[in-house]
Amino acid sequence: TPVIKKITSIPIALYGGRNAVTMLPGGGIGPELMSYVKEVFKYAGAPVDFEIVDIDAKAEDNIDLEYAITSIKRNGVAIKGNIETKSKSSEVLSRNVAIRNELDLYVNILHVKSYPGVPARQKDIDIVIIRQNTEGEYAMLEHESIDGVVESMKVVTESNSERVARFAFEWAKANGRKKITTIHKANIMKLSDGLFLDTSQKIAKEYPEIEHNEMIIDNCCMQLVSKPHQFDVMIMTNLYGSIVSNVVCGLIGGAGLLSGKNYGDHYAIFEPATRNTGKAIAGKNVANPIAMLSASVDMLEHLGHNQHAKMIQRAIYKTVCEDKIHTPDLGGTATSTDVVQKIIDHILQSDIRPW
Ligand code: ATP
C-alpha cells in the first residue's frame, strides 16, 4: 500500500532483475515452512533468490546473529521463522528481539481477516493490529537487584510512540479505515502507558476524519472475545500487541493462518503473525503452511512483484476457502504437503502470468 512505500525507504537488493532476500528459517517448523515457500516460488516463477542464514539456538555468542543482521542490511528484506534462544543467561538476548531492535523495525502490522470456510469462533473479522515493536516490556533490561528481587524495565519513549501512532493513522487513511482504538493500561502504568496514550491522542487530532477512542487492555481482551466487530484498527505497546495478536488469531483459526509485517524506516521483515516455533509438531508434516506462505506474499508485494503475489494469494484462497484442504489445526486431515501441492496446482492453472 502507498503508505508503506512512503514510510519505508527500501534499499532493496536487486541483481539482474531478481531480488536477494534474507531467509531466516529459525527453529521448530521454520525450516519445513521455508521449504514450502521455496517450492511455491519455483512454480510461481517469483524472481527472488534467498540468502539462507541459520542461527544456532544453543550458541552462547552472537556471531550468527550478527551475520543475519548484516545480510538483512545488505538485502533490505527478510522472511523469517521464529528463532530460538536456548540460553537462560540475561546476557544472551532473544535473537528475534535483537534483530527487530538492531534494524529499528519499530512497527508490527497484523491484518487479521477471516478466511471464509475456515471453522472459527468468530466470523467476518477484519481487524488491524499495529504494535510498537522495539521497546516497552521488550526492552530486555532486567536484573536481580538483591537475592530474590528482580527488576524489569518497561521503556516507553515519546518518539517511538509518535512513530507508531503516525504510522497507524497514515495506514488507516491510505486504506480507507475509519476508526483507531489505542489499547493501554494507563490507569495503573500512569507514566509509561500514559505517555503512549497521550501521544496517540495528540496525533489523532491531526486526523479528524478518523475516529479515535481508547480502551484498557483487560477490557479489550474481553471485548475481543465477545464483541470483536467493534474494532477496526488498534494501536498498542509491545507486550499487549503480542497477547492481543494471539487472541485475535485464535478467534479466526489459530497460529497457522496469518502473517505479520515488521517495518522500520529502512528494512522490512515478514513472518507468521503469532511468531511460534511449533517444536512439538516439527517434522510431522502437519504444520499449517499458510501463515508462512502469506508472509511470502506480503514480501512479494513489498518488493513490488504484485502479480506474483496475487497469483500465490489466489491459490492460497482457493485451497483454503473453496477446496477446504485443511491441516489438523483447522480441524482438517490434510498434511502440510497436501496443502502446498494444491496451492501449486492452482498456480499452474492460474490465468495470471507475471512472466
Ligand atoms: P515452543 O515450540 O516454543 O516450545 P510451543 O510448542 O508451546 O512452543 P508454539 O510454538 O508457541 O508452542 O505454538 C503455539 C501453538 O500453536 C502450538 O500448539 C503449535 O503447535 C501451534 N502452531 C504454531 N504454528 C503452527 C502452524 N503453522 N500450524 C499448526 N499449528 C501451529
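Because the structure is predicted, anything quoted here is derived from the model rather than measured. Each chain carries its own residue numbering, running from 1 in the written order of its sequence. Only residues with pLDDT of 70 or above have their local features reported here, since the model is predicted, and side-chain atom pairs are shown and tallied only from 80 upward, although totals for entire chains, interfaces and linings are computed over all residues. Values reported for side chains reflect all heavy atoms of the structure, with hydrogen atoms and water molecules removed beforehand.

Peer 1: How should the environment of Lys154 be read in this particular structure?
Peer 2: Helix and strand assignments follow DSSP, with helices taken as H or I runs no shorter than four residues and strands as E runs no shorter than two, numbered in order from the N terminus. Relative to the helices and strands, Lys154 is located in the loop between β8 (149–152) and α5 (158–174). Residues Lys154 and Glu301 lie 147 residues apart in sequence; the distance between their C-alpha atoms is 34 Å. In this analysis, two residues are considered to be in contact whenever any of their non-hydrogen atoms come within 4.5 Å of each other. For Lys154, the contacting residues outside a window of four places in its chain are Gly136, Glu137, Met189, Ser192, Asp193 and Tyr240. A polar side-chain atom of Lys154 sits 2.9 Å from a polar atom in the side chain of Glu137. For this analysis, a polar contact is any N or O atom pair within 3.5 Å, provided that within protein one partner can donate a hydrogen and the other can accept it, and provided that sequence-adjacent residues contribute only side-chain to side-chain pairs. Of the polar contacts made by the side chain of Lys154, one reaches the side chain of Tyr240; its length is 3.3 Å.

Peer 1: Please clarify how the packing of α5 against helix α6 (residues 192–204) should be interpreted in this entry.
Peer 2: Any two packed helices are characterised by how steeply their axes cross, that is the angle between the axes, and by the distance between the axes. Helix axes are fitted only over the stretch in contact, all axes being lines through C-alpha atoms; the angle between N-to-C directions runs from 0 to 180 degrees. Orientation of α5 relative to α6, taken along the N-to-C sense of each, is 45°, at an axis distance of 9 Å. The angle between the axes of α5 and α6 places the two elements in the oblique class. The handedness of the crossing between α5 and α6 is right-handed. Of the residues in α6, those in contact with Glu158, Ser161, Glu162, Ala165, Arg166 and Phe169 of α5 are Leu195, Phe196, Thr199, Ser200, Lys202, Ile203 and Ala204. In this classification, the charged set is Asp, Glu, Lys and Arg, the nonpolar set is Ala, Val, Leu, Ile, Met, Phe, Trp, Tyr, Cys and Pro, and all remaining amino acids, among them Gly, are polar. Considering only residue class, the contact of α5 with α6 consists of six nonpolar, three polar and four charged. Angles below 35 degrees are treated as roughly parallel, those above 145 as roughly antiparallel, those between 65 and 115 as roughly perpendicular, and all remaining angles as oblique. Each helix crossing is assigned a hand: it is left-handed if the near helix lies turned anticlockwise from the far helix by less than a right angle, otherwise right-handed if that turn is clockwise.

Peer 1: Can you help me understand the packing of helix α3 (residues 63–75) against helix α4 (residues 95–102) in this one?
Peer 2: Between α3 and α4, the shortest axis-to-axis distance is 11 Å and the interhelical angle comes to 40°. Between α3 and α4 lies a crossing whose hand is right-handed. Packed against α3, whose contacting residues are Leu65, Ile69, Ile72 and Lys73, the element α4 presents Arg95, Ala98, Ile99 and Glu102 at the interface. Residue classes in the contact of α3 with α4 are distributed as five nonpolar, no polar and three charged.

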